[in-house]
Amino acid sequence: MVLPCIEKVETGKDLIEGCQRGDPESFRALFEKHKDMVYSVALRYCGNAVVAQDIAQDTFLKLFSAIGSFRGDSSFDAWLYRMVVNSCFDQKRRTRRLAPLLDEVLAALQTPDVSALDEVLRTEMSEHIKSVVESLAPDQRMVVVLRYTQGLSYEEIAEILGCASGTIASRLNRAHKVLQRRLWRLAGDKRKW
Amino acid sequence: MADSWLERELKRQLMPVVAPETLWDRINQPVGDRHWVRRRLTAEPALWVTVAAIALLAFAGALRTFRADPAPEKLEERELAAFTGASRGFDFQPATLEAARKWVKSEANIDIRLPATAPRGDRGIAHLTGARLIQVRGLRVAAISYRVGDEEATLFVSARHTGLAGNMGGSRHLFSFSHAKSSSGVQFTSWNMGNETYTIVSPAAKSWQPACLLCHATTPG
């Protein structure tokens, strides 16, 4: 099921303190509040429902183990986002793929003539977007997911990933170009058929 | 292809989704168990005595099983043997057993029952060489490799229901040992403990007993 819109939730201090006291109801409430966000980021990042559940489980276990050490120096939501992001990166490190690297090189050798695309190709390409996003480099893919799945601003993404917002803008720009190249190449391949 | 079209498609294709209902069950179980055990052990010191007594009895029973009837083993030998040693690289280099236990718990949610450090035993001490997470037929298995003297061994741990130790999958006993040598030059020592299945893989040419030094100060027999 797809959520109708992107919803940003603030996590209350009472809820966090309840979890820090070990209150089971607070754990459940915290889970209910953030489960869709955690699962969505995981699923859109890795593209596989089973792996996404592993990532979400891993994230919540880390969260419940570490919440006692949360001091509120940064926002809770940014803290939780960092956990999801790290779990996603850890999961991918365990299942490293070399194919995207080769893909990246091949894509860089082709420069698309964007003006030649028509509506038919666009429709066709939109079906490939998810698979093409999955082939992006991890840092670019995460920026794309946080931007388009969660609707976060450059500044919010920068805080989560621990870099400057200019870096985020640059990564997103590069990701757009890579996506355009790969979608164009896919469309070209289809035409040859 | 304008950016606006791409951005519109990205928003559409990457929309947030609702988490599956089963997610809470996966998360709640280990957390609940962990809290329950901690509360009980803190509140009831007598429980420590009971746990220790059960462990002693089980260990004694296991030793008898080892001597009397080494059961033939039909495990996923090739799959496990392929992941022994350092040839495939490690995901993590733990300094202590405690670090290995915590890493496996956080990465795979598998609870490995290990002492904090390897005890110095009657034949030396086990030195950790590395840990990794592997997939055996799609199932997640933790592998901790170590060396005792010049002998290398790897401890594989999986959730018990995975049936990693095939002929013991249905057992409901706290401990259930078996030991066998394979034709392919490795030997397997397997047991169930709690919710996990443990399998130590070591070279068939060597005695399997030093492999026990990972957790025990003395070797059986």
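Residues numbered from 1 in each chain as written. Chains lettered and ligands numbered in written order. Predicted model: local features only at pLDDT ≥ 70, side-chain atom pairs only at ≥ 80, totals over all residues.

## Some points on the overall build of chain A
- Counting secondary structure elements, chain A contains 10 helices and zero strands.
- Going from the N terminus to the C terminus, chain A shows its helices and strands as α-α-α-α-α-α-α-α-α-α.
- Residue burial in chain A is summarised as follows: out of 193 residues, 35% are buried.
- Sequence separation of 24 or more characterises 69% of the internal contacts of chain A that already satisfy a separation of 6 or more. (Helix = DSSP H or I, 4+ residues; strand = E, 2+ residues; numbered from the N terminus. Buried ≥ 20, exposed ≤ 12 C-beta atoms within 10 Å, placed from the backbone. Contact = placed C-beta atoms within 7 Å.)

## Focus on the overall build of chain B
- From N to C terminus, chain B includes five helices and six strands.
- Counting from the amino terminus, chain B carries its helices and strands in the arrangement α-α-α-α-α-β-β-β-β-β-β.
- Across the 221 residues in chain B, those meeting the buried criterion constitute 29%.
- A separation of at least 24 residues holds for 59% of the contacts in chain B among residues at least 6 apart in sequence.

## Regarding the pairing of strand β5 (residues 186-193) of chain B
All names here are of chain B.
- Of all eight residues that make up β5, seven are buried, and the element is covered over most of its length.
- Bridge count for β5 against strand β6 (residues 196-203) is eight bridges, and the pairing is antiparallel. Counterpart to Phe 188 in the pairing with β6 is Val 201. (Pairing = 2+ DSSP bridges.)

## Some words on helix α5 (residues 97-108) of chain B
All names here are of chain B.
- Taking 1.5 Å as the rise per residue, α5 with 12 residues should run 16 Å; its terminal C-alpha atoms sit 16 Å apart, in good agreement.
- Residues Leu 97, Ala 100, Arg 101, Val 104, Glu 107 and Ala 108 constitute the buried set of α5. The buried residues of α5 occupy an angular sector of 150° when projected down its axis, which confines them to one face. (Expected span 1.5 Å × (residues − 1). Arc of directions from axis to C-beta.)

## Details of unusual backbone geometry
All names here are of chain B.
- In this model, Asn 109 sits at a positive phi of 55°, which is unusual for a non-glycine residue.
- Mapped onto the secondary structure, Asn 109 falls in the loop between α5 and β1 (126-136).
- Overall, Asn 109 belongs to the partly exposed group, with 17 C-beta atoms counted inside 10 Å.

## Overview of the nonpolar core
- Grouped together as the largest cluster of nonpolar side chains are 50 residues, with contacts concentrated most on Ala 42 and Cys 88 of chain A.
- For this core, the elements supplying multiple residues, two or more each, are α2 (24-46), α3 (49-66), α4 (76-94), α7 (129-134), α8 (138-148), α9 (154-161) and α10 (165-192) of chain A together with α1 (3-13) of chain B.
- For this core, the leading source of residues is α2 of chain A, giving 11 residues.
- For Ala 42 of chain A, the contacting residues outside a window of four places in its chain are Ala 52, Ile 55, Ala 56, Val 84 and Cys 88 of chain A. (Core = buried A, V, L, I, M, F, W, Y, C linked by C-beta atoms within 7 Å.)

## Some words on α3 of chain A
- Compared with the 26 Å implied by 1.5 Å per residue over 18 residues, the 25 Å span of α3 of chain A between its first and last C-alpha is a close match.
- Of all the positions in α3 of chain A, only Ala 52, Asp 54, Ile 55, Ala 56, Gln 57, Asp 58, Thr 59, Phe 60, Leu 61, Leu 63 and Phe 64 of chain A are classed as buried.

## A look at the confidence of the model for chain A
- Of the residues in chain A, 72% have a pLDDT of 70 or more, and the chain-wide mean is 78.
- Considering only residues more than four positions removed or in separate chains, one finds that residues 96-117 of chain A, a stretch of pLDDT under 50, has 16 contacts. (pLDDT = per-residue confidence, 0-100.)

## Digging into the pairing of strand β3 (residues 151-159) of chain B
Residue and element names in this part refer to chain B.
- Counting buried residues in β3 gives seven out of nine residues, a clear majority hidden from the surface.
- From the end of strand β2 (residues 139-148) to the start of β3, which pair antiparallel, there are two residues, and Gly 149 there has a positive phi angle of about 60°.
- Across six bridges, the pairing between β3 and β6 is antiparallel. By the bridge assignment for β6, Leu 155 is matched with Ile 200.

## Comments concerning the confidence of the model for chain B
Residue and element names in this part refer to chain B.
- Put simply, chain B has an average pLDDT of 69, and 54% of its residues get 70 or more.
- Here helix α2 (residues 23-43) stands out as the least confident element of chain B, with mean pLDDT 57; α5 is the most confident, with 86.
- With pLDDT under 50 throughout, residues 67-75 is counted as low confidence; its partners more than four residues away or in other chains account for 18 contacts.
- Low pLDDT (under 50) marks residues 162-176, which in the prediction has 37 contacts with non-local residues, meaning those over four places away or in another chain.
- As a predicted assembly, this complex carries a pTM of 0.49 together with an ipTM value of 0.77.

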